[in-house]
Amino acid sequence: MNTSSVHPFDLVDVDGLLSDEEREIQRTVRALGERELRPHVARWFEEGAIPARELARTLGKLGVLGMHLEGYGCAGTSAVAYGLACLELEAVDSGLRSLVSVQGSLAMYAIRTYGSEEQKQRWLPGMAAGESIGCFGLTEPDAGSDPGAMRTNARRDGSDWILNGTKMWITNASVADVAVVWARTEDGVRGFVVPAGTPGFSAPEIRRKLSLRASVTGELVLEDVRLPADAVLPQARGLSGPLGCLNEARFGIVFGAIGAARDCLEAAISYASERTVFGRSLASYQLTQQKLADMAVELDKGMLLALRLGRLKDEGRLRPEQVSVGKLNNVREAIAIARECRTVLGANGITLEYPALRHANNLESVLTYEGTSEVHSLVIGKALTGEAAFR
Ligand code: TGC
Ligand code: FAD
């Protein structure tokens, strides 16, 4: 390999935009990822199974579960530091970042932001440590992009609540100790904290996925699930409750997607330098260099965008449509980079020996969940024109 090569991030001196603490957090997460996660991830993907409990404890010890939240065992880091952790986890596999996103940005964030003091005390310290796993049930079989069409409902029975309905495509479902479930009530959409052992609650796993195979996905089935009055999240009313959580998880994806793309590009540059075609290094051809240059430019633009959004978030100024700009651009570019890197790797690129096609397949889910690319285009369109074109 040519020893004078420059890392894509060095082209725009990404490191120079980070504080010492942010660099240190990024280094720590990357080191753990390389040491404890990457050696197993191709097997987890191939088998379609992860050791979720063990992973949650490892990630809890690392301190990344709910790391950007304050108190209750959470580290209270900056948003940028959280984003960098997502980047390094997704550089290994989107499924690992998903585990962290759903735990910290969806389930824990919902309880931290909308929960009662008792709910926070009961659940957050164990979730931060990775002793308890959470999931977040918003999507339904017939209500994905349009969560306002949800059918899951909660009705009062004395002071209790009775929940009925089905949630679909729920990350961590079958391994969760607690589910944050969004349901329609007489007073609009409300959130409920449902312990996994509650009678009438089950979480069958969805199998035969071609994407996010190193991640647990399932349904949440609620059949006359009886919950006490204090199971409701008191501070969340209406769709703005769950949508507020989505902003958090989408933010993590803005950084995470860059991690997946970086991993592909690093693999492609390394492979191109070592592979000989027509008597010369693959890296020495202009067509290859154009591919690598175009990808590095998009990677760096995406990283700069992520950092800009991270700084806005740390200043408390980040708006939902700005998150949509980041999610739309960075996932779209990441999947394009993953596919282009696969071409550089030739036939080797279709195997699990190299990360490109695994990342590309994962990014199909990332393109769809947390708001599809079409939904984010429409959010941006609404911001630009003042016209909502969702329905
Ligand atoms: P709309 O009428 O626009 O809004 C309803 C209420 O919500 C407020 N709102 C928001 N609040 C906070 N953050 C946001 N991003 C918000 N967007 C809207 C809005 O102000 C209003 O409040 P209020 O007080 O007036 O009632 O809602 P709509 O029904 O027209 O829908 C808009 C739309 C399409 C943008 C939204 O529903 C949407 O984002 N759809 C996509 C659904 C989605 O992303 N689902 C993700 C499920 S979780 C998941 O995928 C996890 S993947 C695992 C992983 O993360 O790794
Ligand atoms: P649909 O909403 O049916 O969309 C189908 C197509 O129609 C898409 O291309 C969409 O962009 C397009 N479309 C929709 N509306 C419009 C419109 N107005 N104009 C033009 N085109 C439109 N959900 C959770 O609640 N919790 C989770 O933990 C979770 N984890 C997930 C994990 C994985 C691996 C996956 C794949 C999904 C997960 N989801 C989760 C669900 C995810 O959020 C939804 O799949 C997503 O919101 C899209 O919903 P849908 O699949 O029903 O597609």
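Residues numbered from 1 in each chain as written. Chains lettered and ligands numbered in written order. Predicted model: local features only at pLDDT ≥ 70, side-chain atom pairs only at ≥ 80, totals over all residues. Heavy atoms only, no water.

Before going further, it helps to examine the site of ligand 2. Neighbouring residues of ligand 2: 16 residues in total, closest T139, S145, W169, T372 and E374. The contact in question runs from an oxygen atom of ligand 2 to an N or O atom on the side chain of E374, over 2.8 Å. Starting from 980 Å² of accessible surface for ligand 2 in isolation, the protein chains cover 67%. Counting atoms within 2 Å of the grid points, the majority share of ligand 2 lands in the largest pocket. Elements with a minimum of two residues in the shell around ligand 2: β5 (160-171), α9 (356-368) and α10 (373-385). For the shell around ligand 2, the residue count by class is seven nonpolar, seven polar and two charged. The two domains that each donate at least three residues to the shell around ligand 2 are domain 2 (134-231) and domain 3 (240-385). (Near = heavy atom within 4 Å. Polar contact = N/O pair within 3.5 Å; in protein donor to acceptor, adjacent residues only side chain to side chain. Areas by Shrake-Rupley, 256 points an atom, 1.4 Å probe, with all protein chains shown as cover. 1 Å grid on protein atoms, 1.4 Å probe; cavity = no way out; pocket = protein on both sides within 12 Å on 5 of 7 lines; lining within 4 Å. Sits in = over half its atoms within 2 Å of the grid points. Helix = DSSP H or I, 4+ residues; strand = E, 2+ residues; numbered from the N terminus. Nonpolar A, V, L, I, M, F, W, Y, C, P; charged D, E, K, R; others polar. Domains from an automatic or database assignment.)

What follows concerns unusual backbone geometry. Not every positive phi belongs to a glycine, and R208 is a case in point at roughly 60°. Assessed through its relative accessible area of 83%, R208 is described here as exposed. Even without glycine at this site, F278 takes up a positive phi of about 50°. Mapped onto the fold, F278 is located in the loop between β10 (276-277) and β11 (280-281). Exposure remark for F278: the relative accessible area of 85% places this residue in the exposed category. (Buried < 20%, exposed > 50% of the residue type's maximum accessible area, 1.4 Å probe, protein only.)

So, on to the domain arrangement of the protein. The domain boundaries assigned to the protein delineate domain 1 (8-129), domain 2 (134-231) and domain 3 (240-385). Using only C-alpha atoms to locate each centre, domain 1 and domain 2 end up separated by 23 Å. In this complex, domain 1 contributes 26 residues to the contact, which on the side of domain 2 involves 21 residues. Buried surface at the junction of domain 1 and domain 2, summed over both partners, amounts to about 1900 Å²; 64% is from carbon and sulfur atoms. The tally of links between domain 1 and domain 2 comes to one salt bridge. Residue R53 pairs with D177 through a salt bridge whose shortest N-O separation is 3.0 Å. On inspection of domain 1 and its partner domain 2, the count reaches six residue pairs in polar contact (both at pLDDT 80 or more). Ranked by the residues each element gives to the side of domain 1 that touches domain 2, the list is headed by helix α4 (residues 94-114), at twelve residues. (Contact = heavy atoms within 4.5 Å. Buried area = accessible area lost by both parts, 1.4 Å probe. Salt bridge = Lys/Arg side-chain N within 4 Å of Asp/Glu carboxyl O.)

Let's shift gears to the nonpolar core. Membership of the largest hydrophobic core comes to 70 residues, with the highest contact counts inside it found for L37, W44, I50, V64, F255, M303 and C341. Taken together, the elements giving at least two residues each to this core come down to α1 (20-47), α2 (52-62), α3 (79-92), α4, α6 (240-274), α7 (286-314), α8 (320-344) and α9. Filtering out sequence-adjacent residues up to four positions away, W44 remains in contact with E36, L37, A49, I50, P51, L55, L96, R213 and A214. In this structure, V102, M127, C245 and A249 belong to the second largest nonpolar core, which totals 27 residues. (Core = buried A, V, L, I, M, F, W, Y, C linked by side-chain atoms within 4.5 Å.)

Moving on, we come to the packing of aromatic side chains. Going through the model one piece at a time under the given rule, you end up with five aromatic pairs. Ring centres of Y114 and W182 lie 6.3 Å apart, and the angle between their planes is 90°; on these two criteria the pair is classed as edge-to-face. Of this pair, Y114 sits in helix α4 while W182 is found in strand β6 (residues 178-185), placing the two residues 68 residues apart along the sequence. According to the relative accessible area criterion, Y114 is buried, its value standing at 10%. The rings of Y114, F136 and W182 are connected pair by pair, giving a single aromatic cluster. It is K313 that lies over the ring of F251; its NZ or CZ is 5.5 Å from the centre. (Phe/Tyr/Trp six-rings, centres within 6.5 Å; stacked < 30°, edge-to-face > 60°. Lys NZ or Arg CZ within 6 Å of the ring centre and 35° of its normal.)

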